[in-house]
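Here is what each chain is made of, one letter per residue.
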Amino acid sequence: MPIRLLTMLIVLTTACGDKDEVDADEDDSSTGDDGGDDGGDDGGDDGGDDGGDDGGDDSGDADDADGDGFNAADDCDDGDPDIHPDATEVCDGVDNDCDGDTDDDDSDLDTSTGSTWYEDADEDTFGDEDSEATTCEVPTDSVTVGGDCDDADPDIHPDADEVCDGVDNDCDGSDDAGLMVPDEHATIQEALDQAVDGDLVCVAAGTYNETIDFGGVNAEVMGAEGAASTVIDGGGTGPVVTVASGESTAVLTGVTVTGGADTSGAGVLVNRSALLLQEVVVSGNSVTGTSIRGGGIYVYEGTLDAQDLLVTDNHLVVSSYGWGAGLAGYGATVTLTDTEISGNTITSDYVAQGGGIQMETGGALTLDHVEISGNIAETNSGITAAFGGGLRVYDGIAVTMDHTRFAHNETSSGYNCGGAAVSIREDSKAAITNSTFTAHQSVCDTYATATIDLSLVTVELTNVDIVGCWTEGGSDTYGGAFYLPADTRVTLQNTSVSDCTTSGSDEGALHRSDGFFYAYYSNFYDNGDSQFGRLTGIVGSDGNISVDPAYTDTSSADSLAWDLTLTSGSDLIDAGNPSILDADGSTSDIGSHGGPAGADW
């Protein structure tokens, strides 16, 4: 038999014999039980428990670096424990729940982490309440404040002022909600008598023949269709409108005030109170008497704030002293914006001061985009005086003028006159920027002083044009543009003075008796045979020049129609103080259209 086959038979015989022996002894063998129990139990328990537990924990730590319970295969950021498939999606620009979507793109977003927005189509900073959306990103044309009841009209929103137009302007759920004249109340005064603080008195178009007194109520009287259609006519008595009982927020809007006659404030009287005028015309009021003030408006130790105001064709006819045909103030604070003071006159037998405006005895006057034109202060007999055709202030008034135009104002007197445009005296101060003084004249039988008459004051002019002054006196004529007596300080920069003359053919720019005058980076041109009285060396030093300004157009007889912008060849371009820049960043031009606000006309 081959050896290989014999070997296989021996192996098989041995294996079968072992099997039979184990089966025969199976029931009686305690050794088999111990071996199975010990080996199986110990080996299985120890090996399975220890190996399984230890091996499982070690393996898990290796695959879950941030310990958030998700291994790297499922966790989209295994370095941040707050990012994993079970996380809450919040507004932070991150895919928190690892579903591939972020913030607003994720339908599982917790919207409480976003912001609430409202569409603001009319850009009034209030949104349409019905367009509310809570998102992470800011939706187009949206704001965080709702409540706009008409998102197509920027004048309608919760912060708007309610006006008399039949519309709910302030979105409070009611239209106008005012005291209606004449539908509910026959007269304006009747409505005011029923009003309380904060009420709106809506006055329909028409002429109301009455005078009114706010009587201490901080209400608003509003002409529903504006000043052209709503007239309060005092019928020769006055004042037409009185605010004199301590009012602090009284308002008069959209009316014409006319037909007033009184010794003080024939049109509007503000006495130790405060009044806001908006879109109001004060016209056709007159006063005849002795020592009278304010043909149009008089403010006594009170406050007047006016916007879009027209004061015109008001008159004082005086036997002695007359102050402020258009507006007068005593110890008052007056702020005028977008206002015109024009065509007002004082005619006096003795003293006339302030054809347009007169203020005295402390207080402040602020003019912003104001026109003062065609006003006259004149006297007609004897030893008389007229000062300040356009404006007269004295005794501690602080004056600020910006973008203000003085034109065609006049003073005339049988004896002494001056300051056809402006007379500023006695401890007052004035800062004048980006303003113009054009076509003024003072004509007096004996003494005449300049277009800008100054005494005991401090005045600073920056970026100003003074063009076309005429001063005519008898025996004494003092300056075409400026008159500076003792204790007066005047500083000019970036200012042009041109075409100013006197009847004496000299001192067209300035007469200085003993005051302080300093000009730098300014222009003095064509101001008579000798431009400066008692001063030399002005032109040619400190940046001062003498050239034709080369304005765009000064051809009209009405200087209000002049265009005082500079032509491209003007030597005033970039000739101002290098420390002052035009809006384009270049050195300031000399004149009213130079400087950072030169174009704001």
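Here's what I pulled together on the structure shown here. Everything numeric in this text was worked out from a predicted model, so none of it was measured. (Residues numbered from 1 in each chain as written. Predicted model: local features only at pLDDT ≥ 70, side-chain atom pairs only at ≥ 80, totals over all residues. Heavy atoms only, no water.)

With respect to the state of the cysteines
Formally, a disulfide is one covalent bond, and it connects the sulfur atom of one cysteine to the sulfur atom of another. Across all of its chains, the model carries six disulfides by this definition. Between Cys76 and Cys98 runs a disulfide, and the two sulfur atoms are separated by 2.0 Å. The sign of the S-S torsion, about -75°, decides the handedness of the disulfide formed by Cys76 and Cys98: left-handed. Taken together, the residues span a long stretch of sequence, with Cys76 in the loop between helix H2 (30–63) and strand S1 (115–119) and Cys98 in the loop between H2 and S1 at a distance of 22 residues. What makes Cys76 partly exposed here is its relative accessible area of 46%. (Disulfide = S-S within 2.5 Å. Helix = DSSP H or I, 4+ residues; strand = E, 2+ residues; numbered from the N terminus. Buried < 20%, exposed > 50% of the residue type's maximum accessible area, 1.4 Å probe, protein only.)

Some points on the packing of aromatic side chains
Considering all chains together, one arrives at 11 aromatic pairs under this definition. Taking the centre distance of 5.2 Å and the plane angle of 90° together, the rings of Tyr321 and Tyr350 count as edge-to-face. In this pair, Tyr321 is assigned in strand S22 (residues 321–323) and Tyr350 in the loop between strand S24 (345–348) and strand S25 (351–353), connecting sequence segments 29 residues apart. Given the relative accessible area of 32%, Tyr321 is considered partly exposed. Seen from their ring centres, Tyr520 and Tyr521 are 6.2 Å apart, and the 70° between their planes marks the pair as edge-to-face. Grouped by ring-pair contacts, the aromatic residues Tyr298, Tyr300 and Tyr330 constitute a single cluster. Above the face of the Trp323 ring, Arg293 is positioned so that its terminal group lies 3.9 Å from the ring centre. (Phe/Tyr/Trp six-rings, centres within 6.5 Å; stacked < 30°, edge-to-face > 60°. Lys NZ or Arg CZ within 6 Å of the ring centre and 35° of its normal.)

Quick word on the sheet that holds strand S3 (residues 142–143)
Backbone hydrogen bonds are what pair the strands of a sheet, in a parallel or an antiparallel way. Overall, antiparallel pairing links the three strands, which are arranged S2-S1-S3 in an open sheet. The open sheet has two free edges, formed respectively by strand S2 (133–135) and S3, since each of these has just one partner strand. Pairing analysis gives two bridges linking S1 to S3, with the strands arranged antiparallel. In the sheet register, Glu119 faces S3, and the bridge partner there is Ser142. (Pairing = 2+ DSSP bridges.)

Remarks on a negative patch on the surface
Taken together, the side chains of Asp99, Asp101, Asp104, Asp105, Asp108 and Glu137 present a region of like negative charge at the surface. As for its position among the elements, Glu137 is in the loop between S2 and S3. Overall, Glu137 belongs to the exposed group, its relative accessible area being 53%. (Patch = residues over 30% accessible without salt bridge, like charges linked within 9 Å, V, L, I, M, F, W, Y side chains within 5 Å. Areas by Shrake-Rupley, 256 points an atom, 1.4 Å probe, with all protein chains shown as cover. Salt bridge = Lys/Arg side-chain N within 4 Å of Asp/Glu carboxyl O. Lys, Arg positive; Asp, Glu negative; His and termini not counted. Charge placed at Lys NZ, Arg CZ, Asp CG, Glu CD.)

Considerations on the sheet that holds strand S38 (residues 476–478)
Taken in spatial order, the seven strands line up as S17-S22-S25-S28-S32-S35-S38 in an open sheet, and their pairing is parallel. Two strands bound the open sheet, and with one partner strand each, they are strand S17 (292–293) and S38.

Looking at unusual backbone geometry
Between Val181 and the following residue, Pro182, the backbone shows a cis peptide bond with an omega angle of 5°. When you line up the elements, Pro182 lands in the loop between strand S4 (179–181) and helix H3 (188–194).

Some thoughts on the pairing of S1
Judged from the three bridges that link them, S1 and S2 form a sheet pairing that is antiparallel. Paired with Trp117 across the two strands is Ala133, which belongs to S2.

Section: the environment of Asp584
Tracing the chain through its elements places Asp584 in the segment after strand S47 (563–566). Distance from Asp584 to Gly595, taken between C-alpha atoms, is 9.5 Å for residues 11 residues apart in sequence. Side chain to side chain, Asp584 and Ser586 meet in a polar contact 2.6 Å long. (Polar contact = N/O pair within 3.5 Å; in protein donor to acceptor, adjacent residues only side chain to side chain.)

Comments concerning the pairing of strand S23 (residues 327–342)
In this sheet, S23 lies alongside strand S18 (residues 297–300) in parallel orientation, the contact comprising four bridges. When the bridges of S23 are listed, Tyr300 appears paired with Tyr330. The pairing of strand S19 (residues 303–307) with S23 spans five bridges and is classified as parallel. Paired with Asp305 across the two strands is Thr335, which belongs to S23. One ladder, built from three bridges, connects strand S20 (residues 310–312) with S23; its direction is parallel.

Examining the nonpolar core
If you look at the biggest cluster of nonpolar residues, it comprises 80 residues, and the most contacted ones within it are Ile297, Leu336, Ile357, Ile466, Phe482 and Phe517. When residues no more than four places from it in sequence are discounted, the contact partners of Phe482 are Ala450, Ile452, Leu454, Leu461, Ile466, Val490, Leu492, Val497, Ala509, Leu510 and His511. In terms of nonpolar packing, the next biggest core, distinct from the first, is built from 13 residues, Val287, Leu316, Ala352 and Ala377 among them. (Core = buried A, V, L, I, M, F, W, Y, C linked by side-chain atoms within 4.5 Å. Contact = heavy atoms within 4.5 Å.)

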